[in-house]
Structure formats: structure tokens, C-alpha cells
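# Residue-level structural notes
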Amino acid sequence: MTMTDLSAAAIPGPATPYQGDIARYWDHEARPVNLRLGDVDGLYHHHYGIGEVDHASLGDPEDSEHEKKVVAELHRLESAQAEVLLDHLGPIGRDDTLLDAGCGRGGSSVMAHQRFGCKVEGVTLSAKQAEFGNRRARELGIDGSVRAQVCNMLDTPFEKGQMAASWNNESSMYVDLDDLFAEHSRLLRVGGRYVTITGCWNPKYGQPSKWVSQINAHFECNIHSRREYLRAMADNRLVPQAVIDLTPDTLPYWELRATSSLVTGIEEAFLESYKDGSFQYVLIAADRV
Ligand SMILES: C[S@@+](CC[C@H](N)C(=O)[O-])C[C@H]1O[C@@H](n2cnc3c(N)ncnc32)[C@H](O)[C@@H]1O
Ligand SMILES: CC(C)=CCC/C(C)=C/COP(=O)(O)OP(=O)(O)O
Ligand SMILES: [Mg+2]
């Protein structure tokens, strides 16, 4: 099957009722905070931002263009997050294939192809997201290299050792981590790199805080603890090379978002849980050994 021959692939139903819920959730998602940010430059993300806010770029709050500038700034910070994830993939060649596990509308996949010139396979539970990502790839003329498929990331059709690198950008809170890392470990070649950026609860807090529970309910997900990530990697031949606490770097994004007209109601939970230490935004990069 060639990269663009999607018609040949039989799409099985969801593996579990829960995966059916998540497929429906993302099939129906159309929040302005995601679509308006994506419209800035055609990279559509479903993850959050990192880095300092460029307050000078926002200008006067009374200015009629202010809201547009806030949208552009939030989007710049979300793309900066994806750039940091890609920075940790290691050397990638044009002939390599990467896996974007839980690819959403495909923003990170496109960025990876633009940076490395390689092939990128994205998988999502949502047919709407896969169609959206494949349409964007066609519009950009890169559908020979970047594609999305409706597929469970715990059970993919890719070959053992096929991937030079793989990642989960804010998509690992929907699955069991042992199952997830077993599949990444199977797909990665020895020496290949796995990267995740994720929110995780802090074992030092004791248990998930009320804010973490609120985030779980809001997104129908199941946030894991930092310890669970490290244990599940160790059990699946993934050896961490970097564990970076991005919590201080993501706070400016949330402060700005909380003041914008695009608020969704979840801003307080992120801000409060990051500040009380119960929740952390982390990047973990690991080598397949
Ligand atoms: C918050 S979005 C992140 C999207 C993307 N990684 C990004 O950074 O824009 C979560 C994604 O995980 C996907 N997902 C959740 N569980 C999955 C599973 N078992 N297999 C494949 N994708 C899954 C959803 O379909 C959705 O696309
Ligand atoms: C860090 C954690 C716990 C993430 C949970 C997964 C998630 C829903 C990410 C953002 O998606 P989105 O961009 O669709 O959300 P929003 O509409 O809030 O921007
Ligand atoms: Mg978003």
C-alpha cells in the first residue's frame, strides 16, 4: 500500500466502548480556541503552549486588533511547544518514518515533515480528525509524506522496528501506559527515540488533586502520575534520556489564555493545579534499547 492509498485500509470499529467515546468526542470537537488558532497559519494543534508571552506584540488592549494578536500569540506558543518536542527526536533523515501517536488534526506531523523532510504516519481515533489532517496534507502538497489514519495507537499496522522515532503529544492520558509503551517499543528501531509531552500528576502531592480530577472529567481522559510514566518505560525497553519539567514554561500561556475571549472554562484547573504542585507539564525523551 502506498502512503496515499487510504481506500485500501479497512477501518475496524473501536477496540473498546471507551475508545468509541473518545472517537465521538474528537469527531464533534470544534472549539474556537483550536480552530481560530489553527487558522493563523494552517497548523492545527490540540496541545498547549510554552514560552514567554511577547507582551509588546499584543499592543494596547483597547486596540480593535488586540484579540487577533492574542490568538496569534497563543498559537505561536503552541507551535513553540511542538518545536521543543521535535528538538528531542534526535537526528532524523529524509528516508526515515516517524509515528505521531494520537495525531489530532495533524499540526505536529506537518511540522515534523517540514523540519526533517521525512515520512510521518499519524494515528487518531477520530475519522473527522484524520480527514482534516489528510486534507491539510493535500492542500500543502505533502500527502505523499504525511498521512493520518483512523487507528488505535495500542495496536497499529506498522512493522516492527519501522519507526526511527515516535511521539505522543498530549495523547497518552487516553490509554494504559504499559500497552502504549509496548507498542512504541515494538515499532521503534533499536536506538530510536520516543518523546512525550504530557500533563501528569505529581506523586509528591499524594493522589490526583480535585483540579486533576476536573481536567479528567472535562476531557474524558485519565491523567497518569509521573511515576507511572517512568515505570512503564522501564518495563518496555525505553530508557529516559531527558525528563524536563515544562510547568514554569507553560504558565504564561495559561495566564494569557485565561484573559482572552477564547476561554473554555478549564483554565482555572490548569493554573491552580500547576501552582499547587499537584500537576506537572513534562517532556520525557527516551531511547529504545
Ligand atoms: C489532545 S489530542 C492531541 C492531538 C495532537 N497530538 C496534537 O498535539 O495536536 C488527543 C488525541 O489522541 C487521540 N487518541 C486518544 N486515544 C487514542 C488511541 N487509543 N489511539 C489513537 N489515538 C488516540 C485522539 O483521537 C486525539 O487525536
Ligand atoms: C495536558 C493535558 C492533561 C491534556 C489533555 C489532553 C488535551 C485535551 C489536550 C488539549 O486539547 P485541545 O487543544 O483540544 O484543548 P483545548 O480546547 O482546551 O485547547
Ligand atoms: Mg487547544
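All values reported here derive from a predicted model rather than from experimental measurement. (Residues numbered from 1 in each chain as written. Chains lettered and ligands numbered in written order. Predicted model: local features only at pLDDT ≥ 70, side-chain atom pairs only at ≥ 80, totals over all residues.)

### Section: the overall build of the protein
Helix and strand counts for the protein come out as 11 helices and 7 strands. Since a compact globule built from 289 residues should have a radius of gyration of about 19 Å, the 18 Å found for the protein is in line with a globular shape. With respect to the principal axes defined by its C-alpha atoms, the protein has extents near 55 × 45 × 40 Å. Counting contacts in the protein only where the partners sit at least 6 residues apart, residues at least 24 apart contribute 78% of the total. (Helix = DSSP H or I, 4+ residues; strand = E, 2+ residues; numbered from the N terminus. Rg over C-alpha atoms; globule rule 2.2 N^0.38 Å. Contact = placed C-beta atoms within 7 Å.)

### Comments concerning the site of ligand 1
Around ligand 1, a shell composed of 24 residues is seen, among which Gly102, Gly104, Asn169, Ser171 and Tyr174 lie nearest. Contributions of two or more residues to the shell around ligand 1 are made by helix H1 (17-27), helix H5 (107-116) and strand E2 (119-124). Ranked by the residues each element gives to the shell around ligand 1, the list is headed by H1, at 3 residues. Tallied by class, the residues present in the shell around ligand 1 amount to 9 nonpolar, 14 polar and 1 charged. (Near = placed C-beta within 6 Å. Nonpolar A, V, L, I, M, F, W, Y, C, P; charged D, E, K, R; others polar.)

### Points about the sheet that holds strand E5 (residues 188-201)
Sheet strands associate in pairs through backbone hydrogen bonding, adopting either a parallel or an antiparallel arrangement. Taken in spatial order, the 7 strands make up an open sheet running E3-E2-E1-E4-E5-E7-E6, and their pairing is mixed. Bordering the open sheet on either side are strand E3 (146-150) and strand E6 (238-245), each of which pairs with just one other strand. Recorded for the sheet is a direction-independent mean angle of 15 degrees between the axes of neighbouring strands. Bridging between E2 and E3 involves 5 bridges; their strand directions are parallel. Across the sheet, Thr124 pairs through a bridge with Val150, a residue of E3. (Pairing = 2+ DSSP bridges. Axes fitted to C-alpha atoms, helices over the stretch in contact; angles between N-to-C directions.)

### Quick notes on the packing of helix H10 (residues 247-258) against helix H11 (residues 267-275)
Two numbers describe how H10 lies on H11: the axes approach to 10 Å, and their chain directions differ by 150 degrees. On the basis of the axis angle, H10 is roughly antiparallel to H11. Our pair here, H10 against H11, has a crossing hand that is left-handed. For the pair H10 and H11, the contacting residues are Thr247, Leu251, Trp254, Arg257 and Ala258 in the first and Glu267, Phe270, Leu271 and Tyr274 in the second. (Parallel < 35°, antiparallel > 145°, perpendicular 65-115°, else oblique. Left-handed = near helix turned anticlockwise from the far one by under 90°.)

### Side note on the UniProt feature "domain: Methyltransferase" (unreviewed entry) in the protein
Per the UniProt record, the feature "domain: Methyltransferase" (unreviewed entry) sits at residues 99-192. Helix makes up 37% of residues 99-192 and strand 28%, and the two end C-alpha atoms of the span are 11 Å apart. (UniProt positions renumbered as here; feature names shortened; annotations may be inferred.)

### Here we look at the site of ligand 2
Around ligand 2, 14 residues are found, and the nearest of them are Arg31, His46, Glu170, Gly199 and Phe219. Counting residues per element, the ones that place at least two in the shell around ligand 2 are helix H2 (32-38) and helix H8 (210-219).

### Focus: the pairing of E5
For E5, a buried count of 11 out of 14 residues is recorded, marking the element as mostly surrounded by other parts of the structure. Two elements, strand E4 (residues 163-169) and E5, share 6 bridges in a ladder whose sense is parallel. Paired with Asn168 across the strands is Thr196, a residue of E5. The parallel pair E4 and E5, bridged by helix H7 (residues 177-187), forms a crossover whose chirality is right-handed. Here E5 pairs with strand E7 (residues 279-288) via 9 bridges, running antiparallel. (Buried ≥ 20, exposed ≤ 12 C-beta atoms within 10 Å, placed from the backbone. Right-handed = clockwise from strand over helix to strand, strands pointing away.)

### As for H11
Since the α-helix turns once every 3.6 residues, residues separated by three or four places project in the same direction. Along H11, the residues that are buried comprise Ala269, Phe270 and Ser273. With its buried residues spanning 95 degrees around the axis, H11 presents them on a single face. Those residues of H11 that are buried lie in contact with H8, H10 and E7. Positioned one or two residues after H11, Gly277 has a phi angle of 80 degrees, which is positive. (Arc of directions from axis to C-beta.)

### Side note on the environment of Leu230
Inspection of the secondary structure puts Leu230 in helix H9 (residues 226-234). By C-beta crowding, Leu230 is classed as partly exposed, having 17 other C-beta atoms within 10 Å. Residues Leu230 and Thr198 lie 32 residues apart in sequence; the distance between their C-alpha atoms is 13 Å.

### What about the pairing of E4?
Of all 7 residues making up E4, 7 are buried, and the element is well covered by its neighbours. For strand E1 (residues 97-101) and E4, the ladder comprises 3 bridges, and the chain directions are parallel. Paired with Leu99 across the strands is Ser166, a residue of E4.

### Overview of the packing of H8 against H11
Running from N to C, H8 and H11 cross one another at 145 degrees; their axes reach a closest spacing of 9 Å. Crossing angle aside, the handedness with which H8 passes H11 is left-handed. Packed against H8, whose contacting residues are Trp211, Val212, Gln214 and Ile215, the element H11 presents Ala269, Phe270, Glu272 and Ser273 at the interface. Tallied by class, the residues present in the contact of H8 with H11 amount to 5 nonpolar, 2 polar and 1 charged.

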